[in-house]
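# Structural overview for review
Okay, here's what each chain looks like letter by letter:
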Amino acid sequence: MTRCVIVTGAESGIGAACAEAFGRCGDKVAVCYFDNTTEAATTVTAVEKAGGTALAVQCDVGDETSVARAFDTIEKAWGAASVLVNSAGLNMSGVTVRDMTLQQWRRLLDTDLTGAFLTSRRFLTARDATVPASIVHISSIHAYAVRAGGADYCAAKGGLSNLVETMAIEEAAHGVRVNAVEPGMILTPMNARAETDTAYRKTLTDNIPMGRAGQPEEVATLVRWLSSEEASYITGARIAIDGGLSLMQALGA
Ligand SMILES: NC(=O)c1ccc[n+]([C@@H]2O[C@H](COP(=O)([O-])OP(=O)(O)OC[C@H]3O[C@@H](n4cnc5c(N)ncnc54)[C@H](O)[C@@H]3O)[C@@H](O)[C@H]2O)c1
């Protein structure tokens, strides 16, 4: 059956790879983008080339009105969605708490945590209750492995873990599975320097047991599977996809 899939942050990185992966399943994919219409158009083309149908929709996930407008547009075109992939996110500021402005803190939390709440809530209230549904949030190993300079990001992703688990038990009886994937180091624009600077990349990948960064397509494969009926008994899970990086916490102990 053709599904209607909503992917936020779909104009680049992991979101774009997820959109294309759903396209390969022949799905209808709403390519939700923040502000880059050129990148959104590239994702639309990739989804269509892969065999899916695509619709580019502007959406600021941290803005309730923008989320409502985007979902209205998608529902008008295709009806209610049965899969939501929430990939929109900002990276950590690199600023320690003592120097962090409230504006920076709010900007990150609004996008990476409140955005997940707003899109999930809108998805849940609009869905067709007779169709099994799945929500996958792109979290991070930083949900539990903290890093100096990342209080904004780590707090948002840590909060996202609890949001995922709470929604999983609330929605289990209603046919909605809610899960998170937790990437380690993935080569996307969020890691722009590591994409181009191989010496810098090596300083990071030396800490990864598999000795390399991941590709967005590897995350997309997991997301597509987790959203499918093949994963029908999985809910409230948080699955690391990190080449073993999160197992290295005892390094130096
Ligand atoms: N790349 C990694 O190493 C890595 C590791 C762990 C987790 N993640 C998570 O993966 C997700 C995707 O990141 P990515 O690596 O593909 O980076 P990316 O920068 O390519 O993608 C993030 C996307 O989110 C969009 N976005 C930013 N603010 C938004 C807003 N307010 N509303 C809607 N969209 C907004 C951006 O435009 C961008 O397209 C993020 O949630 C990120 O935290 C990435």
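Residues numbered from 1 in each chain as written. Predicted model: local features only at pLDDT ≥ 70, side-chain atom pairs only at ≥ 80, totals over all residues. Heavy atoms only, no water.

## Considerations on the packing of helix 1 (residues 13–24) against helix 2 (residues 37–50)
Axis separation between helix 1 and helix 2 bottoms out at 7 Å; the angle between their running directions is 25°. It follows that helix 1 is roughly parallel to helix 2 by the angle criterion. Between helix 1 and helix 2 the crossing geometry is right-handed. Every residue of helix 2 that contacts helix 1 at Ala 16, Ala 19, Glu 20, Gly 23 and Arg 24 is listed here: Thr 43, Ala 46, Val 47 and Ala 50. Looking at side-chain class alone, the contact of helix 1 with helix 2 contains five nonpolar, two polar and two charged residues. (Axes fitted to C-alpha atoms, helices over the stretch in contact; angles between N-to-C directions. Helix = DSSP H or I, 4+ residues; strand = E, 2+ residues; numbered from the N terminus. Parallel < 35°, antiparallel > 145°, perpendicular 65-115°, else oblique. Left-handed = near helix turned anticlockwise from the far one by under 90°. Contact = heavy atoms within 4.5 Å. Nonpolar A, V, L, I, M, F, W, Y, C, P; charged D, E, K, R; others polar.)

## Points about the pairing of strand 5 (residues 133–138)
With six of six residues buried, strand 5 is to be regarded as a mostly interior element. Side chains of strand 5 alternate between two faces, with Ala 133, Ile 135 and His 137 and Ser 134, Val 136 and Ile 138 buried alike. Both strand 4 (residues 83–86) and strand 5 contribute to a ladder of four bridges, which runs parallel. From the neighbouring strand, Asn 86 faces strand 5, where its bridge partner is His 137. For the crossover that starts at strand 4, traverses helix 4 (residues 102–126) and ends in the parallel strand 5, the hand is right-handed. Looking at chain direction, strand 5 and strand 6 (residues 176–183) are connected through six bridges and run parallel. Across the sheet, Val 136 pairs through a bridge with Asn 179, a residue of strand 6. Chirality of the crossover, the property in question, places the unit of strand 5, helix 5 (residues 151–171) and strand 6 among those that are right-handed. (Buried < 20%, exposed > 50% of the residue type's maximum accessible area, 1.4 Å probe, protein only. Pairing = 2+ DSSP bridges. Right-handed = clockwise from strand over helix to strand, strands pointing away.)

## Overview of the site of the ligand
For the ligand, the set of nearby residues contains 27 residues, the closest of which are Glu 11, Ser 12, Ile 14, Tyr 153 and Thr 188. In this structure, an oxygen atom belonging to the ligand sits 2.8 Å away from a side-chain N or O atom of Glu 11. Taking Ser 87, its main chain carries an N or O atom lying 3.2 Å from an oxygen atom of the ligand. A total of 820 Å² of accessible area belongs to the ligand in isolation, and the protein chains cover 92% of it. Contributing elements (two or more residues each) for the shell around the ligand: helix 1 and helix 5. (Near = heavy atom within 4 Å. Polar contact = N/O pair within 3.5 Å; in protein donor to acceptor, adjacent residues only side chain to side chain. Areas by Shrake-Rupley, 256 points an atom, 1.4 Å probe, with all protein chains shown as cover.)

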